[in-house]
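An overview of the molecular structure
As a plain string of letters, each chain reads:
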Amino acid sequence: MALNPFSEEQIIARLQFENPWWATGSLDGYYQSFNPRLYFNLFYPLVKSTTVHRAAVLMGPRRVGKTVMLYHTIQQLISEGVSPQKILYASIETPIYNNIPLDELFTMAKKATGDMSSNGWYIFFDEIQYLKDWEVHLKTLVDVYHNTKFIASGSAAAALKLKSNESGAGRFTDFMLPPLTFHEFIHLKNLGVLIKPDTINWKGNISLFSSTTNITELNKHFINYVNFGGYPEVIFNQEIQSNPSRFMRADIIDKVLLRDLPGLYGIQDVQELNSLFTTIAWNSGQECSIDELSKSSGVKKTTLRQYLAYLEAAFLVHIVKRVDQKAGRFQRENFFKIFLTNPSLRSALFAPLSAESDGMGAIVETAIFSQWMQRTSFIPYYARWKNGEVDLVNISRKTNRPDWAVEIKWSNRYFEAPNELKSLASFCEENKLKQALVTSIDKSGIKEYNNIQIQYLPAAVYAYNVGKNTLESQK
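1. Notes on the overall build of the protein chain
Along the protein chain, the regular secondary structure elements total 20 helices and 16 strands. Here the C-alpha atoms of the protein chain give a radius of gyration of 24 Å, agreeing with the 23 Å that 2.2 N^0.38 yields for 475 residues. The principal-axis extents of the C-alpha atoms in the protein chain amount to approximately 75 × 50 × 45 Å. The buried share of the protein chain, reckoned over its 475 residues, is 55%.

Written out as structure tokens, the structure is:
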């Protein structure tokens, strides 16, 4: 049996179908209804860069908009004068391309367009992980075709990153596209009227905060973001939001747990993996230990450690380590917190939350941690000791000491009673911090307690600012 049963004519016909701009000179399609993600402005220069001859590898979890970003990139190239006949897009997961070397696809594209020159092309390979040894193929293309730009994307972020580092050293530039931040959510929904930029001066972890013109309205959108906001397609589709498990669970979670991870790592017991992930999702942000998690999920400790590494590599969860009251790290990391990287994964597994739901506080904490997790250079910690806890702590790389602390609350209670923030005050006193931040539902302001200046900010406003500043820090 032939490795690929399709004829060259059939494959060329498929390429022509996937590249309508060869005939029309422009793009048409549903993707045009989406504004480009704000991360597009960081990714596009990697595509246009010619100073370093490398392929750009766009990575990220499923359904965060990688393919749409590729289409936006193609449209931008055409608008800047690149010939449409010099742009190739091929989705490698399409069965007709099975086992076809990337070099052969390039050759067929040249035949299809009638331009046999290899110079000046922009080649996009989507879902490249479906080609065995893709990194070898791509590295060879980069080495051979010096006047052609290659761009690849894939959802199996863990495997892509591993193979990119192993085989693409000096040949690939990786770019991770995260789930939507709340800042991007506001941008894509054209809700900028709710934001009052650069109005709160603060010398803590963000130097200048934006505030809001209408906290009640912003909170409505924040709750919508928490439930559905990690995926661009979902935030515009009421049908998906009315039944999130049908789309989000089947198309995102199940494909990762039942297909991607077992295929990449040879996992045999997918039911066990699914049970563990469900347990984590329900308890996102809760402190746990390997012993406790093993008992609650029914997974053996040795297997559990492997599964956690796989889930973190697949960008489904993020493990946050613990420090003590003096911000000292533990030699034996017996306790830790596990957060979903995207809060809307919870509503996909269980049910959407309302502002009054019991689990809202935990999922707001998950949402805020997810904004910080987009910073590749940032390592979040939480502090916990015998008589207290602080939700979010930053340890300065220069001094190895904490330089800010945040209490994440979905409540106005602590605005009215700052004396109840005893753990936060104790931590600040122990570490000589003069300022701290506490989130609320809709209260803003500064109060002093135990000689500590406490900045109160609505959780939605804080989440917006973290996402905004994270994006700007990467420019």
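Having seen it, we continue.
2. Regarding the packing of aromatic side chains
Under the criterion given, the structure shown has 22 aromatic pairs. Taken together, a centroid distance of 5.9 Å and an interplanar angle of 20° make the contact between Trp134 and Phe172 stacked. Of this pair, Trp134 sits in helix 6 (residues 134-144) while Phe172 sits in strand 5 (residues 172-176), and the two are 38 residues apart along the sequence. A single burial state applies to Trp134 and to Phe172, both of which are buried. Ring centres 5.6 Å apart and planes at 70° place the aromatic pair Phe185 and Tyr225 in the edge-to-face group. Taken together, the positions of Phe185 in helix 8 (residues 182-188) and Tyr225 in helix 9 (residues 215-228) put the pair 40 residues apart, joining distant regions of the chain. In this pair, the class of Phe185 matches that of Tyr225, namely buried. By way of ring pairs, the aromatic residues Phe182, Phe185, Phe222, Tyr225 and Trp410 are connected into one cluster. Between the NZ or CZ atom of Lys110 and the centre of the ring of Phe106, over which it lies, the distance is 4.4 Å.

3. Looking at the side chain of Arg375
Mapped onto the secondary structure, Arg375 falls in the loop between helix 17 (360-372) and strand 11 (381-385). Although buried, Arg375 forms no salt bridge, and the nearest oppositely charged side chain, Glu472, lies 8.0 Å from it.

4. Quick look at the sheet that holds strand 12 (residues 388-395)
Spatially, 9 strands are ordered 8-10-9-11-12-13-14-16-15 in an open sheet, and the strand pairing comes out mixed. The sheet is open, and its two edges are formed by strand 8 (287-289) and strand 15 (445-449), each paired on a single side. Strand after strand, the sheet turns through a mean of 35° between neighbouring axes, direction not considered. Two strands pair when backbone bridges link them, and strand 15 and strand 16 (residues 452-458) are joined in this way by 5 bridges, in the antiparallel orientation.

5. As for a positive patch on the surface
A cluster of basic side chains, namely Lys326, Arg401, Lys432 and Lys434, defines a positive patch on the protein surface. Mapped onto the secondary structure, Lys434 falls in the loop between helix 19 (422-430) and strand 14 (435-440). With a relative accessible area of 60%, Lys434 lands in the exposed category.

Criteria and cut-off values
Residues numbered from 1 in each chain as written. Predicted model: local features only at pLDDT ≥ 70, side-chain atom pairs only at ≥ 80, totals over all residues. Heavy atoms only, no water. Helix = DSSP H or I, 4+ residues; strand = E, 2+ residues; numbered from the N terminus. Rg over C-alpha atoms; globule rule 2.2 N^0.38 Å. Buried < 20%, exposed > 50% of the residue type's maximum accessible area, 1.4 Å probe, protein only. Phe/Tyr/Trp six-rings, centres within 6.5 Å; stacked < 30°, edge-to-face > 60°. Lys NZ or Arg CZ within 6 Å of the ring centre and 35° of its normal. Lys, Arg positive; Asp, Glu negative; His and termini not counted. Salt bridge = Lys/Arg side-chain N within 4 Å of Asp/Glu carboxyl O. Pairing = 2+ DSSP bridges. Axes fitted to C-alpha atoms, helices over the stretch in contact; angles between N-to-C directions. Patch = residues over 30% accessible without salt bridge, like charges linked within 9 Å, V, L, I, M, F, W, Y side chains within 5 Å. Areas by Shrake-Rupley, 256 points an atom, 1.4 Å probe, with all protein chains shown as cover. Charge placed at Lys NZ, Arg CZ, Asp CG, Glu CD.

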